[in-house]
Amino acid sequence: MKKLLVLALAFMMLLSVIACSNPTTSDPTPDPGQTNTEATPAPTDAQGTEETPAAPSAVRKENLVVALQAEPQTIDPYAASHDTTFISSEAIFEPLFKYEDGELTPWLATAYEMVDDLTLKLTLRDDVLFHDGNKMTADDVVFSLCYGATSNFTSTLFGAIDTENTKALDEQTVEVKLLYPYAPLLEAMASHRCAIVSKAAYESMDADAFGRAPVGTGPMMFKEWVSGDRIELTGFEQYWGEKPAFDNMIIRIILEASSRTVELETGGVDIAFQISPVDWSRLEENPDTQMLTGNSMGMTYLCFNNSNELYGNELVRKAIAYAINVEAVAKTAYQGQADAADGFMARSIPGYKKVGPWEYNPEKSKELLKQAGYENGLEVKFVTFQQQYYNACIEVIQSMLKEVGITCSIEMVDLATFTSMNNNGELPMTVMANSASIPDPASALIAWPLSRTISLRHNDQHIQDLLDQGERTYAMEDRVKIYAELQDYLWEKLYLLPLAFPITGYGARSNIQNFDFVPTGIPDFAAITFAE
Amino acid sequence: MLRYIAKRIFLMIPVLLGISFVIFLLMYFTPGDPAQMILGDLATKEEVEALREEMGLNDSFFERYFRYMGDLLKGDLGTSYTTKLPVWDEISARLPVTAKVAFFVIVFAVLIGVPIGILSAVRQYTIIDSITRVMALLGITMPSFWFALLLVLLFSVKLGWLPASGLYGPAYYVLPIISISAASVAIITRTARSSMLEVIRQDYIDTARAKGQKERVVLFKHALLNALIPILTVVGIQFAGSLGGAVVNEQVFAIPGIGKLMVDAIKARNYPLVTGSVLVLSLLQSLVNLFIDLLYAFVDPRIRSQYSRSKKKTKALNGAVTAGAGTAAGKGE
């Protein structure tokens, strides 16, 4: 009997060893029906990636398969705030402008004129059709901008638009009126959050139905949504611009991170989002796959509930901050895939100012605790939910705080409970993150306005005044000065402690080209080309 | 028999009502705000409050419950908070996938588990029996997600024989079925073995052998039929369990099943979807149990005769009551 048990265990160990051994020598079976290719000449504007510098001849592919980490609730970009929605809708909708090589480039709008601080005149292309066959007109653009201005999800970006007075001057000209001067307007119009939707299609169905079968102007049109499994898009024959190098785009919903990695390795998908950092090196070493990584526009921070008596005390906040080695937290919690945060917004955001990282000085921490009346120690509590990086940050911080006599307890709740506690101001201290929707300081500092300071709960009018000034000043050099003053002030007050600028990325098959990392996390799928 | 079935189906109604009340109560008292979950962290209090009002979340528990039950009586399971789709549409899109996988899993588990269990019982204390018992122990104790990942790494990544995830053709079913059924195979094997062991020790089996019956006939006609009842019970439990309980494997293999739908709905505090999913799964579980009970009668003549006897008894009783009533009526006249 013992021999048999040993044999059985040996069999399981053998299975584990074979399964876990280096997979790079494998010869994976390609997913059936995915790669019927037909050679075509390489487009003249194709850019080779670092792995394939010599511009290879591109091929057409039947399907571009993308693995998403969760199912979007909707594909209407004005009705959600999750990346899954924006990735799914990116090729369906188009914005008015795009940023190419850092320059604002005309897209659905051919020109703009800032008539005065409150008026923007837009001239539109006249050769753009919606997927339902209707021509895009100024009415559709007015409708889309007003939709963005009134939606709960996009009012932070388009809320300055005066919906009553914004109008179509003629079929190709729009006059956008603003309620107050709003500097990020063009930036917002050049982002994935600006989507020109078909007014006729939207009005012919209700908002929810539009989110399940949207009609835009992009190179890919909606085909089918199989709940829980995939969203299928197909090429739009009458697209006004250059058509993509693939006929269909299939967005597969694969919740498990390891399964997305495996599908990428075996060729089941071409692109996979939210790859676990532990798999990055494996994908980089595999000749069949590549990782596209970079700093996101997000920041992870230690969030104090400033309405709480304890954390409302600046001495306590700073005592906690001095006890934390920010560099070590970022490095350990993110397994090397983050930089220590040295400011209040990502470095790629215009107006970013380096103010930190906060000094690690346990002695000073003890001194401040003494001044605050906690020389005999302090008990604090973290409340968090199941999130790998936040939890890792909290565990590291817990051990650091112990060194200065601060005892930490950690309460783990589920996300819904956490959100509810946050909304009710019941969170004492936690780790969280936010990310800019567009590369603009007003968007990067979205957690700070008094009306939206749900987690931080500061009550500092000076912050609101500087935010208003920054948002309403058009000259960039003046804005930079205002935001620099604001960041210095935030550093002085330390209502939150910046911890990490995470490095994010997505994986792709090696034959995917012209597909670069973008800090927004929403890449341009239509530009993708394929190597032989 | 038909009367019995009708009675069982009728009894499901209070069961489902009770389940709906308990689920509604649990969701009501669970912390978390669906409106806040939908709008995210940065929504203002006013925005959240407006959405709560729109969704009817500010109404009292009983108002919400009776509104839900009223809609349910009209065949409306409500609308999902997150996708805004009718709950039935969400469930009906996922249920066939889950049912198909569960069916294949149970067929595979029975085809493997029952013969091995019988063989193990017939060859008790031989090397076959020992191997079977050890493998069954492994099947039960091994975490199914770990086994699933090992299978994927071996057959998809290393060997490249089978696809890693999704359900787009016959080959895609192989790994999910093997990994999900591992525990069921083990449990059915153990049950079949112990049940057969109990039966083959009975005197009537010795009698059958003494009468010169072939061993095949003794085993399959005399022994197996009598050993089937416990096996059927376990098969029913396993099938019902795999209808809603394969959440982790659904995640590993990207199977768009109802288990994952339900877990996501709980996380999002999507009350109508949670209640609808639980009700549908409870109904299915009750139907599976009923089906298994009916199978008992099919395989065991003693149980079949009990149904017949109760029918005869009822007839006789009804006759007596009618006669009594007639007499009473006659006396009354």
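Remember, predicted model here, so these are calculated numbers, not experimental data.

This next bit is on the overall build of chain B. Helix and strand content of chain B: 14 helices and zero strands. If you list the helices and strands of chain B from N to C, you get α-α-α-α-α-α-α-α-α-α-α-α-α-α. On C-alpha atoms alone, chain B measures out to a radius of gyration of 26 Å, which is more than a quarter above the 20 Å that the 2.2 N^0.38 rule sets for 333 residues. Projecting the C-alpha coordinates of chain B onto the three principal axes gives extents of approximately 90 × 85 × 30 Å. Considering only residue pairs separated by 6 or more positions, chain B has 71% of its internal contacts joining residues 24 or more positions apart. Carbon and sulfur atoms provide 68% of the accessible area of chain B, an area that totals close to 16,700 Å². Counting 33 positive and 23 negative side-chain charges, chain B places the averaged centre of each group 17 Å from the other.

We now examine the pairing of strand 6 (residues 119-124) of chain A. Residues and elements named next belong to chain A. One ladder, built from six bridges, connects strand 5 (residues 109-116) with strand 6; its direction is antiparallel. Along strand 6, the bridge assignment pairs glutamate 113 with lysine 121. In this antiparallel pair of consecutive strands, strand 5 and strand 6, the connection spans two residues. Direction of pairing for strand 6 relative to strand 8 (residues 173-177): antiparallel, over a ladder of five bridges. Looking at strand 8, one finds that leucine 122 is bridged to valine 174.

This paragraph deals with the pattern of salt bridges. Residue and element names in this part refer to chain A. Enumeration over the complete set of coordinates arrives at 31 salt bridges over all chains. Arginine 60 serves as the salt-bridge partner of aspartate 247, at 2.7 Å between the closest nitrogen and oxygen. Taken together, the positions of aspartate 247 in strand 11 (residues 246-253) and arginine 60 in strand 2 (residues 59-68) put the pair 187 residues apart, joining distant regions of the chain. Owing to a relative accessible area of 34%, aspartate 247 belongs among the partly exposed residues under this scheme. Measuring nitrogen to oxygen at the nearest pair gives 3.3 Å for the salt bridge that ties glutamate 263 to arginine 252. Residue glutamate 263 is located in helix 8 (residues 257-266), and its partner arginine 252 is located in strand 11; the two are separated by eleven residues in the primary sequence. The two residues glutamate 263 and arginine 252 agree in class, both being buried. Several salt bridges converge on common partners, so that one network encompasses Lys223, Asp229, Arg230 and Glu232.

Below, the discussion takes up unusual backbone geometry. Of note, the bond from glycine 356 of chain A into proline 357 of chain A is cis; its omega dihedral lies within 30 degrees of zero at 0 degrees. Its place among the elements puts proline 357 of chain A in the loop between strand 15 (338-340) and helix 12 (362-371).

Next up on the list: the state of the cysteines. Residue and element names in this part refer to chain A. Considering all chains together, one arrives at zero disulfides over all chains under this definition. In this model cysteine 194 remains outside any disulfide bridge; the closest cysteine sulfur is found in cysteine 146, 12 Å from its own. By relative accessible area, cysteine 194 is classed as buried at 2%. Lacking any disulfide linkage, cysteine 393 is separated from the closest cysteine sulfur, that of cysteine 303, by 13 Å.

All names here are of chain A. According to the domain assignment, chain A contains domain 1 (2-43 + 93-204), domain 2 (210-295 + 504-530) and domain 3 (298-502). Across the boundary between the two partners, domain 1 contributes 27 residues, which contact 24 residues of domain 2. Summing both sides of the interface, domain 1 and domain 2 together bury roughly 2,200 Å²; the carbon and sulfur share of this comes to 63%. Where domain 1 packs against domain 2, one counts one salt bridge.

Attention now goes to the packing of helix 10 (residues 314-322) of chain A against helix 12 of chain A. All names here are of chain A. It is the contact of helix 10 with helix 12, at a shortest axis distance of 7 Å, that shows an interaxial angle of 160 degrees. The orientation of helix 10 relative to helix 12 falls into the category roughly antiparallel. At the point where helix 10 passes helix 12, the crossing takes the left-handed sense. Judged by residue contacts, Leu315, Lys318, Ala319 and Tyr322 of helix 10 engage Pro362, Lys364, Ser365, Leu368, Leu369 and Gln371 from helix 12.

All names here are of chain B. Here helix 7 (residues 144-158) spans 20 Å end to end across 15 residues, near enough to the 21 Å set by a 1.5 Å rise per residue. Restricting attention to buried positions, one finds in helix 7 the residues Phe147, Ala148, Leu150, Leu151, Val152, Leu154, Ser156 and Val157. At the C-terminal side of helix 7, glycine 160 shows a positive phi close to 70 degrees.

Looking now at the packing of helix 5 (residues 87-122) of chain B against helix 13 (residues 271-299) of chain B. All names here are of chain B. Two elements in contact, helix 5 and helix 13, have axes whose closest approach is 10 Å; the angle formed by their N-to-C orientations is 50 degrees. Classified by the angle their axes make, helix 5 and helix 13 are oblique. The two elements helix 5 and helix 13 meet at a crossing, and its hand is right-handed. Here helix 5 contributes Val87, Trp88, Glu90, Ile91 and Leu95 to the contact with helix 13, which in turn contributes Pro272, Leu273, Gly276, Ser277, Val280 and Leu284. Among the residues forming the contact of helix 5 with helix 13, the class breakdown is eight nonpolar, two polar and one charged.

When pLDDT is averaged along chain A, the result is 88; 89% of the residues meet or exceed 70. Counting contacts from residues 17-57 of chain A, a segment whose pLDDT is below 50, to residues more than four positions away or on other chains yields 74 contacts.

We now examine the nonpolar core. Residue and element names in this part refer to chain A. If you look at the biggest cluster of nonpolar residues, it comprises 78 residues, and the most contacted ones within it are Leu302, Ile320, Ile324, Trp448 and Leu499. When residues in this core are grouped by element, the largest group, eight residues, is from helix 13 (residues 388-403). Contact partners of tryptophan 448, with chain neighbours within four places excluded, come to Phe344, Thr453, Leu456, His458, Ile463, Leu467, Leu490, Tyr495 and Leu496.

Scoring rules and cut-offs
Residues numbered from 1 in each chain as written. Chains lettered and ligands numbered in written order. Predicted model: local features only at pLDDT ≥ 70, side-chain atom pairs only at ≥ 80, totals over all residues. Heavy atoms only, no water. Helix = DSSP H or I, 4+ residues; strand = E, 2+ residues; numbered from the N terminus. Rg over C-alpha atoms; globule rule 2.2 N^0.38 Å. Contact = heavy atoms within 4.5 Å. Areas by Shrake-Rupley, 256 points an atom, 1.4 Å probe, with all protein chains shown as cover. Lys, Arg positive; Asp, Glu negative; His and termini not counted. Charge placed at Lys NZ, Arg CZ, Asp CG, Glu CD. Pairing = 2+ DSSP bridges. Salt bridge = Lys/Arg side-chain N within 4 Å of Asp/Glu carboxyl O. Buried < 20%, exposed > 50% of the residue type's maximum accessible area, 1.4 Å probe, protein only. Disulfide = S-S within 2.5 Å. Domains from an automatic or database assignment. Buried area = accessible area lost by both parts, 1.4 Å probe. Axes fitted to C-alpha atoms, helices over the stretch in contact; angles between N-to-C directions. Parallel < 35°, antiparallel > 145°, perpendicular 65-115°, else oblique. Left-handed = near helix turned anticlockwise from the far one by under 90°. Expected span 1.5 Å × (residues − 1). Nonpolar A, V, L, I, M, F, W, Y, C, P; charged D, E, K, R; others polar. pLDDT = per-residue confidence, 0-100. Core = buried A, V, L, I, M, F, W, Y, C linked by side-chain atoms within 4.5 Å.

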